[in-house]
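# Reading the structure
Residues per chain, in single letters:
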Amino acid sequence: QVQLVESGGGLVQPGGSLRLSCAASGSSFKIYSMGWYRQAPGKQRELVALIPRDADTRYADSVKGRFTISRDNSKNTVYLQMNKLKFEDTAVYYCNTGPENPTLDWGQGTQVTVSS
């Protein structure tokens, strides 16, 4: 079973940047499309960025043009570069497979707080 460990979150001012990482164990990482999800207090978890195996990346409208998802299959790692952060980006960020793949066990996530 693939295990997921997210890191890179923190406290940042509006307009700032953060880079999140998601390290996955297991050899089956390469076959999955991978996504970054977030869950803000009192809200449902939402998919914000997706990187399929062999297709273009996709983004939620709320982050398009500000966030970039990438992956390094040699390192079993998925990244999320977040620029021009806004208050509403505050959430716990998780990685997992894309919606069309079996969901893996959720990791602990990484907290992103945008505050002045």
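Quick caveat: nothing in here was measured; it's all calculated off a predicted structure.

Read from one edge to the other, the open sheet built from four strands follows the order β1-β3-β8-β7, with strand pairing classed as antiparallel. The sheet terminates laterally at β1 (4-7) and β7 (67-72), the two strands that pair on one side only. The average undirected angle you get between the axes of adjacent strands in this sheet is 15 degrees.

Bringing the nonpolar core into the picture now. Nonpolar side chains tend toward joint burial in soluble globular proteins. Counting 29 residues, the largest nonpolar core has Leu4, Trp36, Val78, Leu80, Met82 and Tyr93 as its most contacted members. Among the secondary structure elements, those contributing two or more residues to this core are β3 (18-24), β4 (34-39), β5 (46-51), β7, β8 (77-82), β9 (91-97) and β10 (110-114). Of the residues forming this core, the biggest block, four residues, is contributed by β3. If sequence neighbours within four positions are ignored, leucine 4 has contacts with Cys22, Ala23, Ala24, Met34, Cys95, Asn96, Leu104, Asp105, Gly107 and Gln108.

Glancing now at the environment of glutamate 6. Here glutamate 6 is to be found in strand β1. Overall, the relative accessible area of 3% leaves glutamate 6 in the buried class. For the pair glutamate 6 and tyrosine 93, spaced 87 residues apart in sequence, the C-alpha to C-alpha distance is 7.9 Å. Apart from the residues lying within four places of it in its own chain, the contact partners of glutamate 6 are Ser21, Cys22, Trp36, Tyr93, Tyr94, Cys95, Gly107, Gln108, Gly109 and Thr110. A polar side-chain atom of glutamate 6 sits 3.1 Å from the main-chain amide nitrogen of cysteine 95.

What follows deals with the state of the cysteines. Two cysteines form a disulfide when their sulfur atoms are joined by a covalent bond. Tallying each qualifying case throughout the model produces one disulfide. Disulfide partner of cysteine 22: cysteine 95, at an S-S distance of 1.8 Å. You can see cysteine 22 sitting in strand β3 and its partner cysteine 95 sitting in strand β9, a full 73 residues away along the chain. We note that cysteine 22, like cysteine 95, is buried.

What follows deals with the environment of glutamine 1. Its place among the elements puts glutamine 1 in the segment before β1. Sequence separation between glutamine 1 and threonine 68 is 67 residues; the distance between their C-alpha atoms is 27 Å. Beyond its immediate stretch of four places on either side in the chain, glutamine 1 contacts Ser25, Leu104 and Asp105.

On to the sheet that holds β4, then. Taken together, the six strands give an open sheet; going across it, the order is β2-β10-β9-β4-β5-β6, and neighbouring strands pair in mixed fashion. Every other strand in the sheet has two partners, leaving β2 (10-12) and β6 (58-59) as the edge strands with one partner each. Here two bridges tie β5 to β6, and the two strands are oriented antiparallel to one another. When the bridges of β6 are listed, alanine 49 appears paired with tyrosine 59.

This paragraph deals with the pairing of β4. In summary, the side chains of a regular strand alternate between the two faces of the sheet. Counting buried positions along β4 gives five out of six residues, so the element sits mostly inside the fold. Two strands pair when backbone bridges link them, and β4 and β5 are joined in this way by five bridges, in the antiparallel orientation. Pairing of glycine 35 across the sheet is with leucine 50, part of β5. Between β4 and β5, which pair antiparallel and follow one another directly, the connecting turn spans six residues, one of which, glycine 42, has a positive phi of 75 degrees. Where β4 meets β9, six bridges bridge the pair, whose relative direction is antiparallel. Within the sheet, the bridge partner assigned to glycine 35 lies in β9 and is asparagine 96.

Rules used in this analysis
Residues numbered from 1 in each chain as written. Predicted model: local features only at pLDDT ≥ 70, side-chain atom pairs only at ≥ 80, totals over all residues. Heavy atoms only, no water. Pairing = 2+ DSSP bridges. Helix = DSSP H or I, 4+ residues; strand = E, 2+ residues; numbered from the N terminus. Axes fitted to C-alpha atoms, helices over the stretch in contact; angles between N-to-C directions. Core = buried A, V, L, I, M, F, W, Y, C linked by side-chain atoms within 4.5 Å. Buried < 20%, exposed > 50% of the residue type's maximum accessible area, 1.4 Å probe, protein only. Contact = heavy atoms within 4.5 Å. Polar contact = N/O pair within 3.5 Å; in protein donor to acceptor, adjacent residues only side chain to side chain. Disulfide = S-S within 2.5 Å.

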